[in-house]
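Tertiary structure, described
Chain residues, written in single-letter form:
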Amino acid sequence: MLPTRRVATSVAAPALLLLALSGCALLGPEEAPRESPGGQITESADADVFSVQVGDCINVSGMEEDTEMESLPVVPCTDPHDGEIYAETELPEGDFPGDAEVQAQGEEFCAAEFETFVGIPYDDSALYLWPLTPTQAGWDGVDDRVVQCVLDTDGELVTGTLKGAAR
């Protein structure tokens, strides 16, 4: 569990059923704009949550809290931003363990990865973390088991990665 001195924003995503399953793929969010497959974001966009990857920078302040999302506001890391995807894991196969358990597993994983990425323990940092987690609909409908960890500057705009920032 995360230290109580911090407020961990709970965001239930990425986990909506793919719009392609409903025949509405053209109406949904687009892939993150990249210089090449797997490369860096090249322009600001609302990118499909399933196309966001470790190393991508996002504008957390442009997101709604406590909602299911189908897109995230991505930006090139050279542009001002207040969030970064810094780690990712896949939860084990099986029945959906419930929102609270998925959230707890996500927080545990993200907390464990924090020091490796930032360079100091979470309790000593001015930064926040929270997991993007699958919902039951995504788990059951599209086999979404991915948890992504968001590093959050609490609205302070930065440029570049926070890897090794030790702050």
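As a reminder, the structure under discussion sits directly above these lines.
Everything numeric here is computed off the predicted structure, so don't read it as measured data.

Below, the discussion takes up the pattern of salt bridges. Here the structure, examined in full by the defined rule, presents four salt bridges. Residues R145 and E93 are paired through a salt bridge, measuring 3.6 Å at the closest nitrogen-oxygen approach. Residue R145 is located in the loop between α2 (136-142) and β6 (146-152), and its partner E93 is located in the loop between β4 (83-90) and α1 (99-118); the two are separated by 52 residues in the primary sequence. The exposure class assigned to R145 is buried, which follows from its relative accessible area of 5%. When salt bridges with common partners are traced through the structure, they connect E93, D143 and R145 into a single cluster.

Right, let's get into the environment of R167. Here R167 lies in the segment after β6. For R167, a relative accessible area of 28% translates into the label partly exposed. It is 5.1 Å that separates the C-alpha atoms of R167 and S125, two residues lying 42 residues apart in sequence. Apart from residues lying up to four places away in sequence, R167 is in contact with V118, I120, S125, A126, L127, T153, E156, V158 and L162. A distance of 3.2 Å separates the side chain of R167 from the side chain of E156, its partner in a polar contact.

Our next topic: unusual backbone geometry. The phi torsion at D143 lies on the positive side, around 60 degrees, for a residue other than glycine. Relative to the helices and strands, D143 is located in the loop between α2 and β6. At D154, a position not held by glycine, the phi torsion is positive, near 60 degrees. Here D154 is to be found in the segment after β6. Looking at D154, the relative accessible area reads 55%, which means it is exposed.

Calculation rules
- Residues numbered from 1 in each chain as written.
- Predicted model: local features only at pLDDT ≥ 70, side-chain atom pairs only at ≥ 80, totals over all residues.
- Heavy atoms only, no water.
- Salt bridge = Lys/Arg side-chain N within 4 Å of Asp/Glu carboxyl O.
- Helix = DSSP H or I, 4+ residues; strand = E, 2+ residues; numbered from the N terminus.
- Buried < 20%, exposed > 50% of the residue type's maximum accessible area, 1.4 Å probe, protein only.
- Contact = heavy atoms within 4.5 Å.
- Polar contact = N/O pair within 3.5 Å; in protein donor to acceptor, adjacent residues only side chain to side chain.

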